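# What the coordinates show
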Amino acid sequence: MLQTGKQGNSGRPEPAQDAPDRTADIRPIEPADIPAVAALYQRILMHRKEAAPASLASYLEEIFLNHPRFDADMPSRVYIDQKGAVGGFIGVLPAPMLLDGNPVRAAVAGSLMVDNPVENPLAGARLLRSVRSGPQDLSISETANDISMGMWEQMGDRALPRYSLQWIRVFRPAGFAAAALAERFKAARVLRPVASLTDSAAGPLYHSALFGSDDKPRKYSRKEIEGRDLIAHLLELSKHYGLHPDWDEGTLEWTLRHAGRKQRHGEMRSHVVQSPSGKLLGCHVYFARPGGMAWVLQVLSSPKAEATVVASLLDHARETGAVAVRGRVMPRTIAPLMRQRAFFLCNASTVIHTKNPDIQAAVDSGDAFITGLAAESWIRLIGDRFE
């Protein structure tokens, strides 16, 4: 995404008084830039006036400088304004992939921020162009808003509708409305008891509209898993896509550990779904708390098992008290979600840049695993708070 902000007290180091103005430049991020980038994030993305907490600065350093697959040829970048201060940032995550067994060098670009765009109107485009023109075979953004999407389009790339949609499945309408308000306004949490009573009283009236009358028993078993068992299943299921992450166990463990620290939407729950005979059907990973809106990080399934795995996810979320579930679609889950009476919207686009026609063909056909754990939805910078 791209966010912009007015020039203000960002905590950035000031150049020496006798230093001449420099030419604005784009360069790789350095450890010394982290406090300034944290200040930009705190003010521009979080819209908070107080100083950035130390936890945010340490997190930025860990994610963008100490990633286990860090690639010095594809670094995160900062925009240095004419005064020599950090005036913009774009985060880059290495994302090695495989296409039909062949290595693909990929980078995920996100957290695009520009300070004082009136004075630096081209800073955002320059940051994006710098990443897009890097040595990778594939560039991905999972969180492009209207401004940054416009930049991608001006450079010749387009949004991917089947990877950009978010889905929402509502179980308790009043509870869903209260939870949605509470995400924006903390004071709205007082509405939850009233919403719960409303849903309990009105449930029979809208049950058939929400759930239908022809639900059939699900032929699956589900159990909670974590650690190496979860990693093994994710590695196996990812290979059902022609284009998929080239994970190793260490990197995937590191990614899941970071994902588990996102507590804004509740505890991270991970399950494996199996057939009655014990065959692996899929996995789902999501965050939830009773009375809240569950947030899905990943759904992966074996071929032709998508409907069963989606049903398992929704059944579990409903049974454990979620008022609704939301997540990002993958092309193979759109039809099962439609049958489950989910509705769809778009508040951020997925976009790629590649010159490789085989990569483009895999993405266009829906045979690509390039979102969620494969991209940037797992990082705390997406939808979490730092105190």
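Here goes a summary of the coordinates provided. If you're wondering where the values come from, they're calculated on a predicted model, not measured in any experiment.

The next point concerns the sheet that holds strand β12 (residues 267–274). Ordered in space as β10-β12-β13-β14-β15-β9-β16, the 7 strands form an open sheet in which the pairing is mixed. Edge positions in the open sheet fall to β10 (221–224) and β16 (343–345), since each of these has one partner strand only. When strand polarity is set aside, the average angle formed by the axes of neighbouring strands in this sheet is 30°. Bridge count for strand β9 (residues 166–170) against strand β15 (residues 324–328) is 5 bridges, and the pairing is antiparallel.

With that settled, the discussion passes to the nonpolar core. Core analysis: the largest hydrophobic core is formed by 70 residues, its most contacted members being M97, L138, L234, L243, I370, W378 and L381. Among the elements that take part in this core, helix α1 (residues 34–45) stands out by supplying 8 residues, more than any other. Filtering out sequence-adjacent residues up to four positions away, I370 remains in contact with M97, I140, L160, Y163, L243, I352, V363 and A375. Formed by 22 residues, the second largest nonpolar core is a distinct cluster that contains Y220, L281, V296 and V299.

Its 12 residues give helix α2 (residues 54–65) an end-to-end C-alpha distance of 16 Å, which sits within 8% of 16 Å, the value for a rise of 1.5 Å per residue. In the core, the buried residues of α2 are packed alongside α1, β4 (86–94) and α9 (249–260).

This next bit is on the sheet that holds strand β11 (residues 243–245). Across the sheet, which stays open at both edges, the 3 strands sit in the order β6-β5-β11 with antiparallel pairing between neighbours. The outermost strands of the open sheet, each flanked by one partner alone, are β6 (102–104) and β11. Between one strand axis and the next, the sheet turns through 35° on average, direction left out of account. In the sheet, strand β5 (residues 97–99) pairs with β11 via 3 bridges, with the strands oriented antiparallel. Within the sheet, the bridge partner assigned to M97 lies in β11 and is P245.

To continue, consider the packing of helix α3 (residues 123–132) against helix α4 (residues 146–154). Taken N-terminus to C-terminus, the directions of α3 and α4 make an angle of 55°; their axes are 10 Å apart at the nearest point. Between α3 and α4, the angle is such that the two are oblique. Where α3 crosses over α4, the handedness of that crossing is right-handed. Where α3 abuts α4, its residues G124, A125, L128 and R132 lie against S148, M151 and W152. Here the residues of the contact of α3 with α4 are counted per class, giving 4 nonpolar, 2 polar and 1 charged.

Definitions and cut-offs
Residues numbered from 1 in each chain as written. Predicted model: local features only at pLDDT ≥ 70, side-chain atom pairs only at ≥ 80, totals over all residues. Heavy atoms only, no water. Pairing = 2+ DSSP bridges. Helix = DSSP H or I, 4+ residues; strand = E, 2+ residues; numbered from the N terminus. Axes fitted to C-alpha atoms, helices over the stretch in contact; angles between N-to-C directions. Core = buried A, V, L, I, M, F, W, Y, C linked by side-chain atoms within 4.5 Å. Buried < 20%, exposed > 50% of the residue type's maximum accessible area, 1.4 Å probe, protein only. Contact = heavy atoms within 4.5 Å. Expected span 1.5 Å × (residues − 1). Parallel < 35°, antiparallel > 145°, perpendicular 65-115°, else oblique. Left-handed = near helix turned anticlockwise from the far one by under 90°. Nonpolar A, V, L, I, M, F, W, Y, C, P; charged D, E, K, R; others polar.

Remember, this is a structural readout, not a statement about activity or role.
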